[in-house]
Amino acid sequence: MTSTPAIAAPGIIERLARARGDLRMGVPVMLTGGEAAAVAVPVETLSSARLAELRRLGHPELALTVRRAETLKIRVYDGDLARLALPADAGLDWLSSMADPADDLRLPMKGPFHEIRGGVPALHRAAITLAKSARLLPAVVVVPVEQGAALARAADLTVIDIDEAAAELGRASPLAEVVSARLPMAASRAGRVHIFRPEDGGEEHYAIEIGQPDRKAPVLARLHSACFTGDVLGSLKCDCGPQLRAALAQMGAEGAGVLLYLNQEGRGIGLANKMRAYSLQDQGFDTVEANHRLGFEDDERDFRLGAGILKTMGFAAVRLLTNNPRKITMMEGQGIRVAERVPLRVGETPENRGYLATKAAKSGHLL
């Protein structure tokens, strides 16, 4: 008799990647922790049919970040998040208005709210973390359930043990170089592009190497976060495009350098949420206020990725092209010596002066 070949079950990294895909499709995931279990779905991808199913399961709760709760004047009892009991008559319109601040100024009154105190908010916190990592608005409907394992099997739901997932969610996923190839560019004919892929199935990141930098000396380097609007469209709302081109030009002029192009659009919140933030800026909010109203922190990026790529490429010290002191602190904390900070002051326009002023006043940029 021929035996069936054994196939290893997905590990926690694979299951987290699967969970992110499920959440983006509006498919619930099962979160477990100790004896507790809950079904979770982000508000952004929730359908009316799914909401009806959740109500039949139990008593839905809405989890919001402290930033969004502050905007809505909701009392916060869990430090970094708020939990609300869903009103019996709450539909998708109400949930959407709680998650998305687009109409906050037009419809500011959304209460009364029924805040939840006591109990353990760990499952709600994990649900918000997963929604953020899926580049969705950090507002999640959570339904505590009994017999979570049986329900997950019956509905074929992805199951995430939050204790098992904690280490993975808190670390920078290891990056492996996939390929590199020569690429003559306007900034330098001696260019090479390296593609790095993270272990967790997330976005790929790129290193643009100019010339043949000496691995034993501090390399002229820049950590540049992807900016579709600035880098590709030439947006006048930010200074990203001019910074990208100026950094490459300076590396070309010196004959050597490394620009790390990190796919962390919109300070790590994704392009869709960045456009939401731009819409809020049109209502009069600055970039930090807009992020907070959406439920995000000032900056959600993970610059550890850049340090990991530099180490993989054999660099231990940099001359860092940046106006952001946080990047220097991160680099040194990850074991990359910053021999020099090289200012990069380009791209000011009438349209982005307020944005640059906010970066200096609220984010500590040296402008």
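This text follows the structure it describes.
Everything numeric in this text was worked out from a predicted model, so none of it was measured.

1. Re the nonpolar core
Within the largest apolar cluster, 36 residues are counted, with the highest numbers of intra-cluster contacts made by L62, L64, I74, W94, L95 and M98. If we skip the residues at most four places from it in the chain, I74 touches L64, A69, A82, L84, M98, F113 and E115. If you look at the next biggest cluster of nonpolar residues, it comprises 24 residues, including L23, L123, A126 and A131.

2. Observations regarding the sheet that holds strand β3 (residues 61–65)
Sheet architecture is open: 6 strands sit in the order β4-β3-β5-β2-β1-β6, paired in mixed fashion. Every interior strand has two partners, whereas the edge strands, β4 (81–85) and β6 (159–161), have only one. The mean angle between the axes of side-by-side strands here comes to 30 degrees, regardless of whether they run parallel or antiparallel. Here 5 bridges tie strand β1 (residues 29–33) to strand β2 (residues 36–42), and the two strands are oriented antiparallel to one another. Looking at the pairing, V29 lines up with A40 of β2. Of the strands in this sheet, β3, β4 and β5 (139–144) touch helix α4 (residues 92–99), which is tilted by about 20 degrees from β3.

3. Notes on the environment of V29
Topologically, V29 is positioned in strand β1. Overall, V29 belongs to the buried group, its relative accessible area being 1%. Spatially, the C-alpha atoms of V29 and L157 are 5.6 Å apart, while their sequence positions differ by 128 residues.

4. Structural notes on the packing of aromatic side chains
Evaluated as defined, the whole model comprises 1 aromatic pair. Between Y206 and Y261, the ring centres sit 6.2 Å apart and the planes meet at 15 degrees, which makes this aromatic pair stacked. On the criterion of sequence distance, the pair formed by Y206 in strand β9 (residues 205–210) and Y261 in strand β11 (residues 257–262) is long-range, its members being 55 residues apart. Overall, the relative accessible area of 27% leaves Y206 in the partly exposed class. Look at Y261 and you get buried, because its relative accessible area is 15%. For K237, the ring lying beneath its charged end belongs to Y278, and the centroid distance is 4.6 Å.

5. Regarding unusual backbone geometry
Here the amide bond leading from G111 into P112 is cis, since omega sits at 5 degrees, within 30 degrees of zero. Of note, P112 is situated in the loop between α4 and α5 (122–133). Positive phi outside glycine occurs at Q147, with the angle close to 50 degrees. With respect to the secondary-structure elements, Q147 resides in the loop between β5 and α6 (148–155). With a phi close to 55 degrees, D156 is a non-glycine residue in the positive phi region. Within the secondary structure layout, D156 lies in the loop between α6 and β6.

6. Points about the sheet that holds strand β10 (residues 219–225)
Ordered by their spatial adjacency, 7 strands build an open sheet running β7-β8-β9-β11-β10-β12-β13, and the pairing between neighbours is mixed. Every interior strand has two partners, whereas the edge strands, β7 (175–182) and β13 (337–342), have only one. Strand-to-strand, the axes of this sheet are offset by a mean angle of 25 degrees, without reference to chain direction. Here 3 bridges tie β10 to strand β12 (residues 317–321), and the two strands are oriented parallel to one another. Note on β12: the bridge partner recorded for A221 is L320. In the packing of helix α13 (residues 304–312) onto the sheet, contacts are made with β7, β8 (191–198), β9, β10, β11 and β12, and the angle to β11 comes to roughly 140 degrees.

7. So, the packing of helix α11 (residues 271–282) against helix α12 (residues 287–294)
Relative orientation of the contacting elements α11 and α12 amounts to 120 degrees, with a least axis distance of 9 Å. In terms of orientation, α11 and α12 fall into the oblique class. Seen from above, α11 lies across α12 with right-handed handedness. Residues N273, R276, A277, L280 and Q281 of α11 touch α12, and the partners they reach there are T287, A290, N291, R293 and L294. Taken together, the residues of the contact of α11 with α12 sort by class into 4 nonpolar, 4 polar and 2 charged.

Rules of the game
Residues take numbers from 1 onward in each chain, read along the sequence in its written order. With pLDDT at 70 or above as the cut-off, local features in this predicted model cover only qualifying residues; side-chain atom pairs require 80 or more to be listed or tallied, and sums for whole chains, interfaces and linings still use all residues. Side-chain measures here rest on the full set of heavy atoms in the structure, leaving out hydrogens and waters. Take the buried Ala, Val, Leu, Ile, Met, Phe, Trp, Tyr and Cys residues and link them wherever side-chain atoms come within 4.5 Å; each set so joined is a nonpolar core. Type-normalised accessible area, obtained with a 1.4 Å probe on protein chains alone, sets the label of each residue: buried when under 20%, exposed when over 50%, and partly exposed for intermediate values. Any two residues whose heavy atoms approach within 4.5 Å are treated as being in contact. The pairing criterion is simple: DSSP has to find at least two bridges between the two strands. By the criteria applied, helices consist of DSSP H or I runs no shorter than four residues and strands consist of E runs no shorter than two, each listed in order from the N terminus. With axes taken as lines fitted to C-alpha atoms, and helix axes fitted only over the stretch in contact, angles between N-to-C directions fall between 0 and 180 degrees. Here is the rule: rings of Phe, Tyr and Trp (six-membered ring for Trp) pair when centre to centre is within 6.5 Å. Planes less than 30 degrees apart are stacked, more than 60 are edge-to-face, and the remainder are tilted. By definition, being over a ring means that NZ of Lys or CZ of Arg is both within 6 Å of the ring centre and within 35 degrees of the ring normal. An angle below 35 degrees is read as roughly parallel, one above 145 as roughly antiparallel, one from 65 to 115 as roughly perpendicular, and any other as oblique. By the definition used in this description, the sense in which the near helix is turned from the far one sets the handedness, with an anticlockwise turn below a right angle giving left-handed and a clockwise turn giving right-handed. We call Asp, Glu, Lys and Arg charged. Ala, Val, Leu, Ile, Met, Phe, Trp, Tyr, Cys and Pro are nonpolar, and the rest, Gly among them, are polar.

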